[in-house]
Amino acid sequence: MDKWVGKVAVVTGASSGIGAATCRRLVDSGMIVVGFARRENRLEELQKTLTGKPGEFHYYKVDLCSEQNIREAFAWVKNKLKSVDVLVNNAGV
């Protein structure tokens, strides 16, 4: 995983289950992770648990049923972090 340290990952469905666990693992490995999900309160809770870890965690509230919302979310990532190196499509629709 050393080659991924400092790289940017986007994880959909990040507010619970496999998505949250994936975020934890990637942040623990030193990646910069952006969690996408509808439940912002759960994303905030996850962010609190990941503070002080080797990587970074950011989140963006996204309804993946809305193409416009998806475009806004990726524009935010591009503006803030410049690129996406890994995309984990995990959201249940």
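Residues numbered from 1 in each chain as written. Predicted model: local features only at pLDDT ≥ 70, side-chain atom pairs only at ≥ 80, totals over all residues. Heavy atoms only, no water.

This paragraph deals with unusual backbone geometry. Its identity as a non-glycine residue notwithstanding, Lys82 has a phi of 80 degrees, on the positive side. Mapped onto the elements of the fold, Lys82 is located in the loop between helix H3 (67-81) and strand E4 (86-88). We classify Lys82 as exposed; its relative accessible area is 62%. (Helix = DSSP H or I, 4+ residues; strand = E, 2+ residues; numbered from the N terminus. Buried < 20%, exposed > 50% of the residue type's maximum accessible area, 1.4 Å probe, protein only.)

Time to look at the environment of Trp76. Here Trp76 is to be found in helix H3. On the basis of relative accessible area, Trp76 is assigned to the partly exposed category, the value being 25%. Distance from Trp76 to Ser66, taken between C-alpha atoms, is 15 Å for residues 10 residues apart in sequence. Residues within four places of Trp76 in sequence aside, it is in contact with Val34, His58, Tyr59 and Tyr60. (Contact = heavy atoms within 4.5 Å.)

Val11, Cys23, Leu26, Val33, Leu43, Leu46 and Phe57 are the most contacted members of the largest nonpolar core, which has 15 residues in total. Put simply, the parts of the chain that give this core at least two residues each are strand E1 (8-12), helix H1 (17-28), strand E2 (32-37), helix H2 (40-50) and strand E3 (56-61). In terms of residues, this core owes the most to one element, H1, which gives four residues. Those residues in contact with Phe57 that sit more than four places away from it in its chain are Cys23, Val27, Val33, Gly35, Leu43, Leu46, Gln47 and Leu50. (Core = buried A, V, L, I, M, F, W, Y, C linked by side-chain atoms within 4.5 Å.)

Looking now at the sheet that holds E1. The strand order across the open sheet formed by four strands is E3-E2-E1-E4, and the pairing between neighbours is parallel. On the outer flanks of this sheet lie E3 and E4, each paired with one strand and no other. On average, each strand axis in the sheet is tilted by 20 degrees relative to the strand beside it, whichever way the strands run. With five bridges joining them, E1 and E2 adopt parallel strand pairing. Looking at E2, one finds that Thr12 is bridged to Phe36. Packing against the sheet, H3 makes contact with E1, E2, E3 and E4, and its axis sits at approximately 150 degrees to E3. (Pairing = 2+ DSSP bridges. Axes fitted to C-alpha atoms, helices over the stretch in contact; angles between N-to-C directions.)

Below, the discussion takes up the pattern of salt bridges. Within the structure shown, the criterion is met by two salt bridges. Between Asp28 and Lys53 there is a salt bridge; the shortest N-O distance is 3.8 Å. Of this pair, Asp28 sits in helix H1 while Lys53 sits in the loop between H2 and E3, and the two are 25 residues apart along the sequence. Overall, the relative accessible area of 40% leaves Asp28 in the partly exposed class. By relative accessible area, which is 36% here, Lys53 ends up partly exposed. (Salt bridge = Lys/Arg side-chain N within 4 Å of Asp/Glu carboxyl O.)

Our next topic: the side chain of Asn69. Considering the arrangement of structural elements, one finds Asn69 in helix H3. If we ignore the near neighbours within four places in the chain, the residues touching Asn69 are Tyr60, Lys61, Val62 and Asp63.

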